[in-house]
Amino acid sequence: MKLTTSKLKWIPISLITAFIFYTPKITAQENLNIVDLGKTYKLPLDKLEKGLYFPIPSEDVNHGNTSIRNTDEAHLRWKDSPNSNGYGYFQRNRDMGQVFNVPKGKNITIDALVLRTSKGRNAFMKGASGAQLYVLFYEVKTSKNQPLKINENGTYKGDLATHGFDHQFNRCDDFIEGDKYIVLHKMVAGICPNIPATTQTAYPRDNKPFGEQEGHLRYLKFDFFNDAEITLEGGKRYAFIVGFTTPGKDRGIAWSISTTVHTKEPAEFVKDENGLIRWGIRREGNGTLPPTMIENATPPKNPKDYNKLVTESLFPKNHYETLAPTTNGYPDVDTYRTMEFYLELK
């Protein structure tokens, strides 16, 4: 079967995100402990700094499945339904993270990172319990050859987006240019606690079963050991990214997020509580954008075509060293996303 790519408007991946990528040797060692805090997190105000945490009230937590995942080849999900985002490709594995700014005049040492699960059906998937996760930190800079800006991908106020879950909003295909990510901290890995998997959304939808379950709205604390703590300089921009170290079946967690993508207004950077620019980041599959698609309800039988699609959906070896973060994804983008996160200081 002949392979095709989406006819939507795209810009080559080489032009999407300029980056410098230093690659110190990164090893998967257990130098953090992942703690299940349950559904209550009392803000440790003595350990929090303005701009370095972002709470979201429970009633405003997203209902979707914006998730990290690392699915093995045998259990990849085939996108088989025709829609405006294309079909005929495997759902891609994903890491997610957040850009943040350290206020001027004060260096900080990070002792822990706290994240919260969403209200979606995939808030906490069965294969997440007992799996190993990692956290990686970057310094985020702006390219000398390209100013930091939002590329509106040719769709402006009043236009339909070329991709995304809500095509009516022109921002749904916007991505950031001029960002570059420098690896700062070696990977730290810990074992995810055993939490009952979510099987439904926490809100009514399409007359399907719903209701809050144990895995919804749950706080996970990535508590760094002494040798994993990282000191960051005041006045600089950084990012963290989180993912699973190895693939498996049903291995995913959907995080609580806030987004300003659902508007027909022109592109505008998200600002933190100190008025500084921040955004969400991701890595998907092997980084190919858009993914190759075939208009078919089942995967191709031809081994060459099948392997191409699988390769695009799986992470390459040592992807935490070789695959740069981006705001651009398919079908979604992270340009206007902010994760619910809490960076606890030492």
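Residues numbered from 1 in each chain as written. Predicted model: local features only at pLDDT ≥ 70, side-chain atom pairs only at ≥ 80, totals over all residues. Heavy atoms only, no water.

Let us look at the overall build of the chain. What the chain contains, in helices and strands, is 3 helices and 22 strands. For 346 residues, the compact-globule formula gives about 20 Å, and the C-alpha radius of gyration of the chain, at 19 Å, lands near that figure. Counting over 346 residues, the chain shows a buried share of 56%. Considering only contacts within the chain whose residues lie at least 6 apart along the sequence, 88% involve residues at least 24 apart. Just so you have it, the chain exposes about 15200 Å², and 49% of that area is on carbon and sulfur atoms. (Helix = DSSP H or I, 4+ residues; strand = E, 2+ residues; numbered from the N terminus. Rg over C-alpha atoms; globule rule 2.2 N^0.38 Å. Buried < 20%, exposed > 50% of the residue type's maximum accessible area, 1.4 Å probe, protein only. Contact = heavy atoms within 4.5 Å. Areas by Shrake-Rupley, 256 points an atom, 1.4 Å probe, with all protein chains shown as cover.)

Attention now moves to the packing of aromatic side chains. Considering all chains together, one arrives at 14 aromatic pairs under this definition. Centroid distance Y41 to Y342: 4.8 Å. Interplanar angle 65 degrees. Geometry classified as edge-to-face. Of this pair, Y41 sits in the loop between strand 1 (32-38) and strand 2 (53-54) while Y342 sits in strand 22 (residues 341-345), and the two are 301 residues apart along the sequence. The pair formed by Y41 and Y342 is uniform in burial state, with each residue classed as buried. (Phe/Tyr/Trp six-rings, centres within 6.5 Å; stacked < 30°, edge-to-face > 60°.)

A word on the pairing of strand 7 (residues 108-116). Within a regular strand, the side chains alternate between the two sheet faces. The buried fraction of strand 7 is high, at 8 of 9 residues. Here strand 7 pairs with strand 14 (residues 230-232) via 3 bridges, running antiparallel. Bridged to I110 within strand 14 is I230. Summarising the sheet, strand 7 and strand 22 pair through 5 bridges and their orientation is antiparallel. Opposite V114, over in strand 22, you have Y342 as the bridge partner. Of the strand pairs in this sheet, strand 7 and strand 13 (residues 219-224) are connected by 5 bridges, and their pairing is antiparallel. Note on strand 13: the bridge partner recorded for V114 is K221. (Pairing = 2+ DSSP bridges.)

Residues of the chain with pLDDT of at least 70 account for 91%, and the chain-wide mean is 90. Counting contacts from residues 4-9, a segment whose pLDDT is below 50, to residues more than four positions away or on other chains yields 12 contacts. For residues 11-28, every residue scores under 50 in pLDDT, and the model assigns this stretch 54 contacts once sequence neighbours within four places are set aside. (pLDDT = per-residue confidence, 0-100.)

This part covers the environment of P209. The topology assignment puts P209 in the loop between strand 12 (188-191) and strand 13. According to the relative accessible area criterion, P209 is exposed, its value standing at 63%. Spatially, the C-alpha atoms of P209 and T199 are 9.1 Å apart, while their sequence positions differ by 10 residues. Among residues more than four places away in sequence, those in contact with P209 are Q200 and T201.

What follows covers helix 2 (residues 303-313). Of the residues making up helix 2, those classed as buried are D305, L309, V310, E312 and S313. Projected down its long axis, helix 2 carries its buried residues within an arc of 160 degrees, all on one side. Pointing more than 90 degrees away from the buried face of helix 2 are the exposed residues P303 and K304. In this structure, the buried residues of helix 2 make contact with strand 4 (78-79) and strand 5 (89-90). At the N-terminal boundary of helix 2, the capping side chain belongs to N302, with an oxygen 2.9 Å from the backbone nitrogen of K304. (Arc of directions from axis to C-beta. Polar contact = N/O pair within 3.5 Å; in protein donor to acceptor, adjacent residues only side chain to side chain.)

This part takes up the pattern of salt bridges. Counted by the stated rule, this structure contains 20 salt bridges. Notably, a salt bridge pairs E214 with R218, separated by 3.2 Å at the nearest N-O pair. The class for R218 is buried, based on a relative accessible area of 11%. Put simply, R278 and E273 hold a salt bridge, and the shortest N to O gap is 3.1 Å. According to the relative accessible area criterion, R278 is buried, its value standing at 1%. By relative accessible area, which is 36% here, E273 ends up partly exposed. One salt-bridge network, held together by shared partners, links R92, R94, R282, E284, D332, D334 and R337. (Salt bridge = Lys/Arg side-chain N within 4 Å of Asp/Glu carboxyl O.)

The next subject is unusual backbone geometry. Residues other than glycine predominantly adopt negative phi, and peptide bonds predominantly adopt the trans conformation. At the junction of L289 and P290, the peptide bond is cis and its omega measures out at -15 degrees in the coordinates. Turning to its location among the elements, P290 is positioned in the loop between strand 20 (280-284) and helix 2. Geometrically, the link from Y330 to P331 is a cis peptide bond, its omega value of 5 degrees lying close to zero. As for its placement among the helices and strands, P331 is situated in the loop between helix 3 (319-322) and strand 21 (337-339). Despite not being glycine, D250 shows a phi value in the positive range, around 50 degrees. Residue classification places D250 among the partly exposed residues on the basis of a relative accessible area of 31%.

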